[in-house]
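Examining the three-dimensional arrangement
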Amino acid sequence: MGRIVVTGATGTVGRLAVALLREAGAEVVTLSGKDGDLRDPGTLPPLDGVTSVLLVWPFATADGAREVVRALAGRHVVYLSSAARRASEREVERLVEAAGTWTFLRPHAFAANALRWARQVRAGVVRGAYGAAGQPVVHERDVAAVAVRALLDAGHHGAAYTLTGPETLSQADQVRIVSEVTGIPVRWEEQAPELARTALLAGGWPAGAVEEVLRAQAELARRPAPVTPAVEDVTKAAPRTFREWVEEHADAFRSVPRRSRAAERSMRAARIHEFGDASVIRVEEVPVPRPGPGEVLVEVAATAFNPSEVGLRSGLLPEVFRASLPHTLGWDVSGTVVETGAGVSDLAVGDRVFGMVDGAAAEYVAAPAAVLATAPRSIPLADAAAVPVAGLTAWQAVHEHARVEPGRRVLVNGAGGGVGTFAVQLAKLAGAHVIATASPRSAAAVRRLGADEVIDYTTTPLPTDVDVLLNLIPATNQPTTNDPATNTPATRGRTVVSIAGGAGHFVMRYDPAQLTALAALIDEGRLTVEIAESHPLPALPRIHRRAEAGDLRGKVTVLMG
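So, how was this worked out
Residues numbered from 1 in each chain as written. Predicted model: local features only at pLDDT ≥ 70, side-chain atom pairs only at ≥ 80, totals over all residues. Heavy atoms only, no water. Helix = DSSP H or I, 4+ residues; strand = E, 2+ residues; numbered from the N terminus. Expected span 1.5 Å × (residues − 1). Buried < 20%, exposed > 50% of the residue type's maximum accessible area, 1.4 Å probe, protein only. Arc of directions from axis to C-beta. Contact = heavy atoms within 4.5 Å. Polar contact = N/O pair within 3.5 Å; in protein donor to acceptor, adjacent residues only side chain to side chain. Pairing = 2+ DSSP bridges. Axes fitted to C-alpha atoms, helices over the stretch in contact; angles between N-to-C directions. Right-handed = clockwise from strand over helix to strand, strands pointing away. Salt bridge = Lys/Arg side-chain N within 4 Å of Asp/Glu carboxyl O.

With that settled, consider helix α16 (residues 512–523). For α16, with 12 residues, the first-to-last C-alpha span of 16 Å sits near the 16 Å given by 1.5 Å per residue. Where α16 is concerned, the buried positions are Gln514, Leu515, Leu518, Ala519, Leu521 and Ile522. The arc that holds the buried residues of α16, viewed along the axis, is 160°, so those residues lie on one side. Residues of α16 that are buried sit in contact with β16 (352–356), β18 (372–374), α13 (388–401) and α14 (418–429). If you check the start of α16, you find a side-chain oxygen 2.9 Å away from the backbone N of Ala513, and it comes from Asp511.

This is how it looks when you write it as structure tokens:
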């Protein structure tokens, strides 16, 4: 059988090939990154008695490959290339072919590539361009199994095998399967290619690689790659499915990073160093915080934009929006506990939580455990960030200040906004007849959430025969059909509750117990969380500008993954 050298022996395919070769009784010599730089032929082990080599070339270029392949001449080289056959892979193939006997393995995308979505899966939203891009993703065990047969059996010299799984799946299909297997509510969210490009570059991808990936995905969206029979032809066994791969790796999606790794790196945070317009917002690298006594460290899935953050950023009403500089923006938060401080007993690592804390517009935030509640289980974790400020405001308006009872006629003025979507539902759950004002672009959503009547305030006067007015629109934004004496809909003799100044004004107070009650309604299917838009963290300045221009509707979430 002879000795077999395996390079990249600790990698995705190499470690599995080593195990299979040893199981077959082969003498295996391993070479990995810890043994030196493969581009230096002096790194290679003694080649006496070596009959074949599994060559994994883990570099972006073919630099150094000529000397290494020359040293392997006269032995059967099984080279792990790829179906994409990038320029560097074509060059290594050429060198190997010229040096002697060879077999080329050209797998399509590995199923293991799905692990790049792990943080986004925990957040419940995977964002990317070309969700329809289809590939027959292949299990790394099948690639290793083909490599072993090519190394041990005759008849594979001069063969080039394109390796695939048994079915072509789009990116969106893969996310759906991950959600089904792990039990984590996850959705694919399509992203414009230019936004995907920005996100990949911000994540440290080389510019050339980003363009190559996006071009390939665009082509696969037009023409998904087909399945090939190579795995079964070589191994005499059907290839494993992507669902099987996810079942084997489900814990890798559910689990959170070890705290020691988080402590060694920085994180992104949206901060201001001065008060002013949206240009003062900077997404910066700052140290990951450490949780103090009674605190937990949360891996943030998302925060949500609230219009009042414009006031904080601008330096308006400093007695209300107190902030020392530099200041990290964001109040609403949802995420996963990754570390607990001293004295914390109610929360544990891995718990999915949501709440209201300062500095939520960051990849991690340290928060008092007492202010966090268990996040709803039935919706994506990122969507839960839309609930705390808006949901509590609506809850307190409906139940504490208006004291809505069955049969009351309730007018929700501004029902299409973040608070309004919750207020309509909570008033309806309380048994009220709900009349909602909404613009034409919001009317369908408001009606879907349970409003009995929807009024287009741009064309229709607001009704006066109501028992309760929930006013959610600032005076400067009121429609002209309102009572000019009060600048709010006619309210004489009626209960008025407002979050926008004037009669009946109140300020929401934070209450984790009420947040828990909202989570229960969501999990019971009685309360819907409507997300109008979601954006990555670098888009926060643009969100602020759009808010000031009156171009935002409903709740907008800001994703960290």
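Quick look at the sheet that holds strand β22 (residues 468–471) now. Spatial ordering of the open sheet is given by β21-β20-β19-β22-β23, a layout of five strands whose pairing is parallel. Taken across any chain shown, the strands that pair with only one partner, and hence form the sheet edges, are β21 (453–456) and β23 (495–498). This sheet shows a mean twist of 15° between the axes of neighbouring strands, independent of strand direction. Judged from the four bridges that link them, strand β20 (residues 433–438) and β21 form a sheet pairing that is parallel. From the neighbouring strand, Ala436 faces β21, where its bridge partner is Val454. Its contacts with the sheet put helix α15 (residues 440–448) on β20 and β21, and the angle it makes with β20 is roughly 155°.

What follows concerns the sheet that holds strand β11 (residues 266–272). Reading across the sheet, the three strands line up as β12-β11-β14 and stay open at both edges, with antiparallel pairing between neighbours. Of all the strands in the sheet, just β12 (281–287) and β14 (327–328) have a single pairing partner and so form its edges. With seven bridges joining them, β11 and β12 adopt antiparallel strand pairing. Within β12, the residue paired with Ser266 across the bridge is Pro287.

Bringing unusual backbone geometry into the picture now. Cis geometry is found at the peptide bond from Leu325 to Pro326, where omega equals -10°. When you line up the elements, Pro326 lands in the loop between α12 (308–314) and β14. A positive phi angle, near 45°, is found at Arg85, a position not held by glycine. Take Arg85: it is sitting in the loop between β4 (76–80) and α3 (87–99). Phi at Tyr130 takes a positive value of approximately 60°, unusual for a residue other than glycine. Along the chain, Tyr130 falls in the loop between β6 (125–128) and β7 (134–135). Under the relative-accessibility criterion, Tyr130 is labelled partly exposed at 23%.

Looking now at the pairing of strand β5 (residues 102–107). Taken across its six residues, β5 has six buried, putting it largely inside the fold. Covered by surrounding structure in β5 are Trp102, Phe104 and Arg106 together with Thr103, Leu105 and Pro107, the residues of both alternating faces. Pairing between β4 and β5: four bridges, direction parallel. Looking at β5, one finds that Val78 is bridged to Thr103. You can see the chain leave β4, run along α3 and come back into β5, and the turn it takes is right-handed. Bridge count between β5 and strand β8 (residues 159–163): five bridges; the pairing is parallel. Its bridge partner being in β8, Arg106 is matched across the sheet by Thr162.

Inspection of the secondary structure puts Thr437 in strand β20. Exposure remark for Thr437: the relative accessible area of 0% places this residue in the buried category. In terms of polar contacts, Thr437 uses its side chain to reach the side chain of Asn413, at 3.0 Å. Here Gly414 takes part through its backbone nitrogen, which lies 2.8 Å from a polar atom of the side chain of Thr437. The contact partners of Thr437, leaving out residues within four places of it in the chain, are Leu411, Val412, Asn413, Gly414, Ala415, Gly416, Ile455, Tyr457 and Leu462.

In this section: the pattern of salt bridges. Evaluation of the coordinates by the stated rule reveals 37 salt bridges. Its salt-bridge partner being Arg122, residue Glu299 comes within 3.0 Å of it at the nearest N-O pair. Here the residue Glu299 occupies a position in strand β13 (residues 295–305), and Arg122 occupies one in helix α4 (residues 118–123), the gap between them amounting to 177 residues. What makes Glu299 buried here is its relative accessible area of 3%. With its nearest N and O atoms 2.7 Å apart, the salt bridge here joins Arg546 to Glu533. Here Glu533 lies in strand β24 (residues 531–536) and Arg546 lies in helix α17 (residues 540–548), a separation of 13 residues in the sequence. Residue Arg546 is classed as buried on the basis of its relative accessible area of 17%. Residues participating in the shared-partner salt-bridge network are Arg127, Arg187, Glu189 and Asp383.

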